[in-house]
Amino acid sequence: LCISSLKKMASNWNVTVAPVDADGKGSAMATSVADPSVQHTVTFGMADGIPNLSGLTQERADYLNSKIVYKAGDIIIVSYPKCGTTWTEQCVLLLLCQGNNELIDPSHKNIYIPGVSTVGKLWPEASIYERPILDEKLVGEFAAITLEDFDNAPSPRVIKSHARCEQLLACQNQGLSCLPNGVKTLVVSRNPLDACVSSYYHAFNPFKCGWPFEAWAAVWLTGNVMFGSYFEWVRDWYYDVKRHPEKAMWLQYEDMQTDPRGQIVKIAAFLEIPVTDEIVDKVLHYSSFDSMKASAEAKGGNANGHLRQGKSGDWRNHFTPELVTDFRDSFNSKLAGTGLHYPLGDGEDPFQASV
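What counts, and where the lines are drawn
Residues numbered from 1 in each chain as written. Predicted model: local features only at pLDDT ≥ 70, side-chain atom pairs only at ≥ 80, totals over all residues. Heavy atoms only, no water. Helix = DSSP H or I, 4+ residues; strand = E, 2+ residues; numbered from the N terminus. Contact = heavy atoms within 4.5 Å. Buried < 20%, exposed > 50% of the residue type's maximum accessible area, 1.4 Å probe, protein only. Disulfide = S-S within 2.5 Å. Pairing = 2+ DSSP bridges. Axes fitted to C-alpha atoms, helices over the stretch in contact; angles between N-to-C directions. 1 Å grid on protein atoms, 1.4 Å probe; cavity = no way out; pocket = protein on both sides within 12 Å on 5 of 7 lines; lining within 4 Å. Points joined across faces, edges and corners; volume = space filled by probe spheres on them. Nonpolar A, V, L, I, M, F, W, Y, C, P; charged D, E, K, R; others polar. Phe/Tyr/Trp six-rings, centres within 6.5 Å; stacked < 30°, edge-to-face > 60°. Lys NZ or Arg CZ within 6 Å of the ring centre and 35° of its normal. Parallel < 35°, antiparallel > 145°, perpendicular 65-115°, else oblique. Left-handed = near helix turned anticlockwise from the far one by under 90°. Polar contact = N/O pair within 3.5 Å; in protein donor to acceptor, adjacent residues only side chain to side chain.

Engineer: What is the right way to look at the environment of Ile-111 in this model?
Structural biologist: For Ile-111, the location among the structural elements is in the loop between α2 (85-96) and β7 (121-122). In the structure, Ile-111 is positioned 22 residues away from Glu-89 in sequence and 10.0 Å away in space, judged by C-alpha atoms. Aside from chain neighbours lying at most four places away, what touches Ile-111 is Ser-117, Val-119, Gly-120, Lys-121, Gly-140 and Glu-141.

This is the structure in structure tokens:
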């Protein structure tokens, strides 16, 4: 095991990382310094040396990279986990449907169902396998579809990804430059404090698994979680978007909170989707957190699984001042030169990277 050290947090939790096992899985463990018998472990798939979805091993990643083909009209929504993915998907799908919420299904995360849906999002990393897979536990976004289903989905396809820039499927180490003309990408980010807190209640749900928040934050800060380091993810995508403004647009969750209408209009313009004020009004209404949650619950879905609060600032209920300092130090160090700015609200100093 190799030990990833943290500064102030090292007195409370040590983070160790295990080698990749025979199944292509990696893991990280948080161990209490005060009581080494208290340990918490997270597992993940490993591809190209970076933690990924538990089912995305190097073998599957190689297969997908060799088979996925993008085409003009595709809309890719890429975000670090818990940074505004669901809201962005909802807005894009509503724009494509001219505000008609009856055509989408937030109760099942708006997935495209072959042979059933006329519109919906696709998540290749979660759902496409080289060999047929029958597993009743794989439902929703993780329900298996074929490569043919993906290829034949009606255009424009809305494709979800949490991939790092260098791991975008079929674009290994090339990022946006490999995408065909006519493919548009929305890259969504969020302040690291709220992103970390939201992830504490998501995926395998560290909270329900008994992790103290500080233990989860220790592992999250080292980047030994699905999709790796938040800071590296944000840095690399930010610079790639700047290099290819015709192919991608940068969005921030905090702007979606303070100016949702303005962001919807901005997204529509970038995607070249004609809209009227009436359509924008509908998209604004049906993409609100309350509307999405009500719609999901009305259709029998488990909205709590991916629609938790829909607001910023919950970090105040989890972070100590010392922990905020640890995150701020990492932000300032690893995102130096980007000029990225994330407001924290209520008189708090924003996270502001140097230019």
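So that's the structure; there's more coming.
Engineer: Please explain helix α11 (residues 289-298) as it appears in this structure.
Structural biologist: Spacing of three or four residues puts side chains on the same side of an α-helix, whose turn is 3.6 residues. Buried within α11 we find Ser-291, Met-292, Lys-293, Ser-295 and Ala-296. At its buried positions, α11 is contacted by α2 and α10 (277-286).

Engineer: I would appreciate a short explanation of the state of the cysteines in the present structure.
Structural biologist: Two cysteines form a disulfide when their sulfur atoms are joined by a covalent bond. All told, the structure shown has one disulfide when counted by the stated rule. Here Cys-171 engages in a disulfide with Cys-178; their sulfurs sit 1.7 Å apart. A relative accessible area of 23% places Cys-178 in the partly exposed class. Cysteine Cys-91 shares no disulfide, and the gap to the nearest cysteine sulfur, in Cys-97, comes to 12 Å. On the basis of relative accessibility, which here comes to 0%, the residue Cys-91 falls in the buried class.

Engineer: I keep staring at the sheet that holds strand β8 (residues 158-161) and nothing clicks. Help me out?
Structural biologist: Whenever strands of a sheet pair, they do so through backbone hydrogen bonds, lying parallel or antiparallel. Reading across the sheet, the five strands line up as β7-β8-β6-β9-β10 and stay open at both edges, with parallel pairing between neighbours. In the strand order of this sheet, the two ends are held by β7 and β10 (248-252), each with one partner. Along the sheet face, helix α7 (residues 230-243) touches β6 (75-79), β9 (184-189) and β10 and points at about 135° away from the line of β10.

Engineer: Is there a simple way to think about empty space enclosed by the protein in this case?
Structural biologist: For the structure shown, the criterion picks out three cavities of 30 Å³ or more. The computed volume of the largest cavity comes to approximately 80 Å³. Around the largest cavity, the lining residues are Ala-47, Asp-48, Asn-52, Leu-56, Ala-61, Asn-65, Glu-125, Ala-163, Gln-167, Leu-169, Gln-172 and Phe-227. For the second largest cavity, the calculated volume is near 40 Å³. As for the second largest cavity, its lining consists of Gln-90, Asn-101, Ile-104, Pro-106, Tyr-286, Ser-291 and Ser-295. Classifying every residue of the lining of the second largest cavity gives three nonpolar, four polar and no charged.

Engineer: What am I meant to see in the packing of aromatic side chains here?
Structural biologist: Taken as a whole, this structure holds 22 aromatic pairs when the rule is applied. Look at Tyr-200 and Tyr-201: their rings are 5.0 Å apart centre to centre, the planes differ by 75°, and that puts the pair in the edge-to-face class. With 5.8 Å between their ring centres and 65° between their planes, Phe-204 and Trp-216 make a pair best called edge-to-face. Highlighted residues: Phe-204 in the loop between α5 (192-200) and α6 (213-222) and Trp-216 in helix α6, separated in sequence by twelve residues. Site record: aromatic cluster; members linked through ring pairs are Tyr-80, Tyr-200, Tyr-201, Phe-207, Phe-213, Trp-220, Tyr-230, Phe-231, Trp-233, Trp-237, Phe-319 and Phe-327. One residue, Lys-160, lies across the ring of Trp-123, its end atom 3.9 Å from the ring centre.

Engineer: Just checking my understanding: could you explain the packing of α5 against α6 for this structure?
Structural biologist: When two helices pack together, their arrangement is given by the angle between the helix axes and the distance between those axes. Where α5 contacts α6, the axes come no closer than 10 Å and their chain directions differ by 120°. By the angle class used here, α5 and α6 are oblique. Handedness of the α5/α6 crossing: right-handed. Contacts between α5 and α6 involve Pro-192, Ala-195, Cys-196, Val-197, Ser-199 and Tyr-200 from the first element and Phe-213, Trp-216, Ala-217 and Trp-220 from the second.

Engineer: Before we go on, may I ask you to explain the side chain of Ser-161 in this structure?
Structural biologist: Tracing the sequence through the fold places Ser-161 in strand β8. We classify Ser-161 as buried; its relative accessible area is 2%. Here the side chain of Ser-161 touches Glu-125 through a polar contact of 3.0 Å, side chain to side chain. Side-chain polar atoms of Ser-161 contact the backbone nitrogen of Ala-163, separated by 2.9 Å. For Ser-161, the residues in contact, after removing those within four places along its chain, are Ile-77, Val-78, Ser-79, Trp-123, Glu-125 and Leu-168.

Engineer: Any chance you could explain the pairing of β8 here in plain terms?
Structural biologist: For a regular strand, the rule is simple: side chains alternate between the two faces of the sheet. Along β8, one buried face is formed by Val-158 and Lys-160 and the opposite face, lined by Ile-159 and Ser-161, is buried too. The pairing of β6 with β8 spans four bridges and is parallel. Bridging across to β8, Ile-76 finds its partner in Ile-159. One ladder, built from two bridges, connects β7 with β8; its direction is parallel. The residue of β8 that forms the bridge with Leu-122 is Ile-159.

This is a description of form; function is not addressed.
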